[in-house]
Amino acid sequence: MIKKTILSLLFAAGTVAVSAQTAPQYSTPFGEGKYYVATSLSGLDLNYSSSEDWKMDFSLKGGYLFTDNWMITAQVEYDWRKKASNAFKAGAGLRYYIDQNGLYAGLGANYVHRMHNIDDFMPTAQVGYSFFLNRTVTIEPEVYYNLSLKDNDYSGFGLRIGFGVYFE
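Residues numbered from 1 in each chain as written. Predicted model: local features only at pLDDT ≥ 70, side-chain atom pairs only at ≥ 80, totals over all residues. Heavy atoms only, no water.

Things to note about the pattern of salt bridges
- With the rule as written, the count across this model stands at five salt bridges.
- A salt bridge links Lys 89 to Asp 79; the nearest nitrogen and oxygen atoms lie 3.2 Å apart. One end of the pair, Lys 89, is in strand β4 (residues 87-97); the other, Asp 79, is in strand β3 (residues 70-81), and ten residues separate them in sequence. Pair check on accessibility: Lys 89 and Asp 79 agree, each one buried.
- The structure contains a network of salt bridges with shared partners spanning Arg 95, Glu 140, Glu 142 and Arg 160. (Salt bridge = Lys/Arg side-chain N within 4 Å of Asp/Glu carboxyl O. Helix = DSSP H or I, 4+ residues; strand = E, 2+ residues; numbered from the N terminus. Buried < 20%, exposed > 50% of the residue type's maximum accessible area, 1.4 Å probe, protein only.)

Observations concerning unusual backbone geometry
- The phi dihedral of Asn 69 falls on the positive side, at around 75°, and the residue is not glycine.
- Structurally, Asn 69 can be placed in the loop between β2 (55-67) and β3.
- Asn 69 gets classed as buried once you look at its relative accessible area, which sits at 13%.

Notes on the nonpolar core
- Ranked by size, the top nonpolar core spans eight residues in total: Phe 30, Tyr 36, Ala 38, Leu 65, Met 71, Tyr 97, Tyr 104 and Tyr 166.
- In contact with Leu 65, not counting residues within four places along its chain, are Phe 30, Gly 31, Glu 32, Gly 33, Lys 34, Trp 70, Met 71, Tyr 97 and Tyr 166. (Core = buried A, V, L, I, M, F, W, Y, C linked by side-chain atoms within 4.5 Å. Contact = heavy atoms within 4.5 Å.)

Section: the pairing of β4
- Every second residue of β4 is oriented toward a common face, the buried set being Ala 87, Lys 89, Gly 91, Gly 93, Arg 95 and Tyr 97 and the non-buried set Phe 88, Ala 90, Ala 92, Leu 94 and Tyr 96.
- Sheet topology note: the β3/β4 ladder contains ten bridges and is antiparallel. Counterpart to Ile 72 in the pairing with β4 is Leu 94.
- What sits between the antiparallel neighbours β3 and β4 is a turn of five residues.
- Note: β4 against strand β5 (residues 103-114), eleven bridges, orientation antiparallel. The residue of β5 that forms the bridge with Gly 93 is Gly 108.
- The turn linking β4 back onto β5 is made up of five residues, and Asp 99 within it adopts a positive phi angle of 55°. (Pairing = 2+ DSSP bridges.)

See below:
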(Lines give C-alpha, C1' and ligand atoms only; values in the text may rest on other atoms or scores of the structure.)
Protein backbone atom coordinates (compact mmCIF):
# COMPACT_ATOMS: atom_id res chain seq x y z
CA MET A 1 0.00 0.00 0.00
CA ILE A 2 2.82 2.42 0.84
CA LYS A 3 4.57 1.61 -2.43
CA LYS A 4 1.38 2.39 -4.39
CA THR A 5 0.94 5.68 -2.54
CA ILE A 6 4.56 6.73 -3.11
CA LEU A 7 4.36 5.68 -6.75
CA SER A 8 1.11 7.61 -7.21
CA LEU A 9 2.61 10.75 -5.60
CA LEU A 10 5.70 10.53 -7.84
CA PHE A 11 3.48 10.09 -10.91
CA ALA A 12 1.32 13.08 -9.91
CA ALA A 13 4.40 15.25 -9.24
CA GLY A 14 5.86 14.28 -12.62
CA THR A 15 2.62 15.09 -14.39
CA VAL A 16 2.44 18.53 -12.73
CA ALA A 17 6.09 19.23 -13.59
CA VAL A 18 5.62 18.26 -17.23
CA SER A 19 2.43 20.29 -17.61
CA ALA A 20 4.07 23.29 -15.95
CA GLN A 21 6.91 23.15 -18.47
CA THR A 22 4.63 22.81 -21.49
CA ALA A 23 2.04 25.36 -20.38
CA PRO A 24 1.95 28.44 -22.64
CA GLN A 25 3.93 31.28 -21.17
CA TYR A 26 2.42 34.75 -20.90
CA SER A 27 3.72 36.73 -23.85
CA THR A 28 4.36 40.43 -23.67
CA PRO A 29 2.36 42.65 -26.03
CA PHE A 30 5.47 43.44 -28.08
CA GLY A 31 7.28 40.10 -27.73
CA GLU A 32 9.42 38.39 -30.31
CA GLY A 33 7.63 36.42 -33.01
CA LYS A 34 4.40 38.45 -33.19
CA TYR A 35 2.91 39.74 -36.42
CA TYR A 36 1.19 43.07 -36.92
CA VAL A 37 -1.31 44.41 -39.46
CA ALA A 38 -2.78 47.89 -39.38
CA THR A 39 -4.71 50.44 -41.34
CA SER A 40 -4.60 54.16 -40.73
CA LEU A 41 -6.00 57.44 -41.94
CA SER A 42 -4.30 60.81 -41.83
CA GLY A 43 -4.95 64.20 -43.28
CA LEU A 44 -8.41 65.65 -42.82
CA ASP A 45 -6.69 69.01 -42.08
CA LEU A 46 -4.54 67.42 -39.36
CA ASN A 47 -1.28 67.85 -41.28
CA TYR A 48 0.73 70.67 -42.76
CA SER A 49 2.72 70.88 -45.95
CA SER A 50 3.32 74.06 -47.94
CA SER A 51 2.32 72.39 -51.23
CA GLU A 52 -1.33 71.76 -50.40
CA ASP A 53 -4.39 72.91 -48.52
CA TRP A 54 -6.08 69.62 -47.73
CA LYS A 55 -5.21 65.98 -48.12
CA MET A 56 -6.27 62.55 -46.96
CA ASP A 57 -3.99 59.52 -46.76
CA PHE A 58 -5.01 55.89 -46.36
CA SER A 59 -2.36 53.29 -45.52
CA LEU A 60 -1.99 49.57 -44.90
CA LYS A 61 0.94 48.37 -42.82
CA GLY A 62 2.33 45.00 -41.82
CA GLY A 63 5.11 44.14 -39.43
CA TYR A 64 7.03 41.47 -37.60
CA LEU A 65 8.59 41.69 -34.13
CA PHE A 66 11.97 40.09 -34.82
CA THR A 67 13.03 40.53 -31.18
CA ASP A 68 11.32 41.95 -28.09
CA ASN A 69 10.26 45.58 -28.66
CA TRP A 70 11.74 45.81 -32.20
CA MET A 71 9.49 45.59 -35.26
CA ILE A 72 10.31 45.73 -38.96
CA THR A 73 7.45 47.16 -41.02
CA ALA A 74 6.30 47.46 -44.64
CA GLN A 75 3.52 49.70 -45.87
CA VAL A 76 1.59 50.92 -48.88
CA GLU A 77 -0.25 54.22 -48.88
CA TYR A 78 -2.45 56.27 -51.20
CA ASP A 79 -2.52 60.06 -50.77
CA TRP A 80 -5.38 62.13 -52.12
CA ARG A 81 -4.74 65.86 -52.42
CA LYS A 82 -7.09 68.71 -53.23
CA LYS A 83 -4.58 70.96 -55.05
CA ALA A 84 -1.46 68.85 -55.62
CA SER A 85 -1.11 65.56 -57.49
CA ASN A 86 -2.24 62.34 -55.84
CA ALA A 87 0.49 59.91 -54.84
CA PHE A 88 1.18 56.24 -54.20
CA LYS A 89 3.78 55.31 -51.54
CA ALA A 90 5.52 52.07 -50.70
CA GLY A 91 8.05 51.80 -47.91
CA ALA A 92 9.73 50.00 -45.06
CA GLY A 93 10.69 50.97 -41.55
CA LEU A 94 11.79 50.05 -38.09
CA ARG A 95 9.77 50.62 -34.90
CA TYR A 96 10.94 50.47 -31.28
CA TYR A 97 8.47 50.03 -28.39
CA ILE A 98 9.60 51.78 -25.25
CA ASP A 99 9.47 49.54 -22.16
CA GLN A 100 6.28 47.58 -23.04
CA ASN A 101 4.04 50.57 -22.23
CA GLY A 102 2.78 51.12 -25.80
CA LEU A 103 4.82 54.22 -26.60
CA TYR A 104 6.89 53.77 -29.76
CA ALA A 105 9.27 55.62 -32.05
CA GLY A 106 9.95 54.73 -35.65
CA LEU A 107 12.06 55.55 -38.67
CA GLY A 108 11.41 54.59 -42.25
CA ALA A 109 11.76 55.41 -45.91
CA ASN A 110 9.13 55.62 -48.63
CA TYR A 111 9.31 55.57 -52.40
CA VAL A 112 6.67 58.03 -53.65
CA HIS A 113 5.17 58.15 -57.14
CA ARG A 114 3.06 61.23 -57.82
CA MET A 115 0.50 60.99 -60.61
CA HIS A 116 2.34 63.46 -62.88
CA ASN A 117 5.34 61.10 -63.17
CA ILE A 118 7.26 62.70 -60.33
CA ASP A 119 9.16 60.17 -58.22
CA ASP A 120 10.51 60.98 -54.77
CA PHE A 121 12.25 59.34 -51.84
CA MET A 122 10.96 60.35 -48.40
CA PRO A 123 12.59 59.44 -45.09
CA THR A 124 10.03 59.53 -42.29
CA ALA A 125 10.03 59.62 -38.49
CA GLN A 126 7.10 58.96 -36.18
CA VAL A 127 6.15 58.77 -32.53
CA GLY A 128 2.95 57.09 -31.42
CA TYR A 129 1.12 55.09 -28.81
CA SER A 130 -0.51 51.65 -29.06
CA PHE A 131 -3.62 51.72 -26.87
CA PHE A 132 -4.94 48.16 -26.47
CA LEU A 133 -8.72 47.72 -26.69
CA ASN A 134 -8.29 44.02 -25.88
CA ARG A 135 -5.36 41.54 -25.98
CA THR A 136 -4.74 42.03 -29.71
CA VAL A 137 -6.53 45.11 -31.14
CA THR A 138 -5.11 48.63 -30.74
CA ILE A 139 -5.94 52.22 -31.55
CA GLU A 140 -2.74 53.97 -32.56
CA PRO A 141 -2.51 57.77 -32.71
CA GLU A 142 0.77 58.89 -34.25
CA VAL A 143 2.64 62.11 -35.01
CA TYR A 144 4.91 61.93 -38.05
CA TYR A 145 7.30 63.95 -40.19
CA ASN A 146 8.01 63.20 -43.87
CA LEU A 147 11.06 64.74 -45.53
CA SER A 148 10.97 65.05 -49.32
CA LEU A 149 14.37 64.78 -50.97
CA LYS A 150 12.98 66.04 -54.29
CA ASP A 151 11.05 69.16 -53.27
CA ASN A 152 10.82 70.71 -49.80
CA ASP A 153 7.24 71.77 -50.55
CA TYR A 154 6.22 68.12 -50.09
CA SER A 155 7.91 67.79 -46.68
CA GLY A 156 5.56 68.05 -43.75
CA PHE A 157 4.32 66.82 -40.42
CA GLY A 158 0.96 65.48 -39.40
CA LEU A 159 -1.21 63.33 -37.20
CA ARG A 160 -2.63 59.94 -38.15
CA ILE A 161 -4.95 57.56 -36.37
CA GLY A 162 -4.97 53.84 -37.00
CA PHE A 163 -6.17 50.43 -35.89
CA GLY A 164 -3.70 47.61 -35.42
CA VAL A 165 -3.89 43.89 -34.70
CA TYR A 166 -1.06 41.93 -33.02
CA PHE A 167 -1.11 38.16 -33.36
CA GLU A 168 1.21 35.15 -33.15
